[in-house]
Each structure stands twice: as C-alpha cells, then as structure tokens.
Amino acid sequence: MFVVGIVAAVTGIVLFHVALSRTVRANERTPIPFGKRPRTSPRGSAVMRGIGAGLIVLGAVLVSGYGWQWVMMIVIAGPAAAVTVLAMHNHRIARAGRSDAVS
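Draft legend 1. Main features of the packing of helix α1 (residues 2–26) against helix α2 (residues 45–63). Relative to each other, α1 and α2 sit at 155°, their axes nearing to 7 Å. Taken together, the axes of α1 and α2 are roughly antiparallel relative to one another. Helix-helix and strand crossings are classified by hand; for α1 and α2 the assignment is left-handed. Tallied by class, the residues present in the contact of α1 with α2 amount to 18 nonpolar, seven polar and two charged.

Draft legend 2. Structural view of the layout of surface pockets. As a volume, the largest pocket reaches approximately 270 Å³. Looking at the lining of the largest pocket, the elements that each hand over two or more residues are α1 and α3 (68–96). Class assignment for the residues of the lining of the largest pocket results in 10 nonpolar, two polar and three charged.

About the criteria used
Each residue is numbered by its place in its chain's sequence as written, counting from 1. Since the coordinates come from a predicted model, pLDDT governs what is reported: local features require at least 70, and pairs of side-chain atoms require 80 or more to be given and counted, while whole-chain, interface and lining totals use all residues. Side-chain measures were taken over the full set of non-hydrogen atoms in the model, leaving aside hydrogen atoms and water. Between the N-to-C directions of two axes lies an angle of 0 to 180 degrees, each axis being a line fitted to C-alpha atoms and, for a helix, fitted only over the stretch in contact. Runs of E in the DSSP output that reach at least two residues are strands. Runs of H or I that reach at least four are helices, and both are numbered from the N terminus. By the definition adopted for this analysis, an angle is roughly parallel if under 35 degrees, roughly antiparallel if over 145, roughly perpendicular if from 65 to 115, and oblique otherwise. Each crossing gets its handedness from the near helix: less than a right angle anticlockwise from the far helix is left-handed, clockwise is right-handed. Put simply, Ala, Val, Leu, Ile, Met, Phe, Trp, Tyr, Cys and Pro go in the nonpolar bin, Asp, Glu, Lys and Arg in the charged bin, and everything else, Gly too, in the polar bin. The method works on a 1 Å grid over the protein atoms by themselves. A cavity is a set of points holding a 1.4 Å probe that cannot get out, a pocket is an open set with protein on both sides within 12 Å along at least five of seven lines, and residues with an atom within 4 Å of a point line them. Grid points are joined across faces, edges and corners, and a volume is the space filled by probe spheres set on the points.

Any link to function would need more than the numbers given here.
Take a look at the structure:
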C-alpha cells in the first residue's frame, strides 16, 4: 500500500499544480489572493484542484501506517510549493506595476 499511496500523492500534487499553473496563466496581469477565488478561473481548474487534493489526502492516509514523517512530507510538499508559486506570481505583478486588479 505504501507504493500506491506515494503514487496517489504524487498524482494529486501534479494535478493540483497543473490546475494552479492554468490559473496563473489566466491571471497573467492580476494578483491571485491567498485563500480567495482568483479574478479569472479557467474552466475545469476547480475540479482538477479538488481531485488533486483528494488524491493527496488518499496518499497520506495510505502511507500513514509507515510513519508520520511520510504523511507530513506529502501534506506539506504540495501546498508549500503552491504558496511559493503564488507568492512569486504576486511579487512579479507588484514589481512590474501592471496590475489590472480592481481595488
């Protein structure tokens, strides 16, 4: 079950980040808020994020019998990378000074 858990988690992380990259491309000139909906959300990206999150949780549950450190690596790896991507995107937008955001 360990290998199945790792495969599920990696697949979930990949799906989550594919959806995130589509969202970043769709909001090329707009900051993406943390924890809120982006201004433009590509078709299917919410479903892809949901399936990805479900696979991440499934993977974490399947590897939980082999030690808590595996669960922590799976649960932290995906979201930490996503937060980093959003922070870099928002920093690039702010540095360029070309935000189309409505205040």
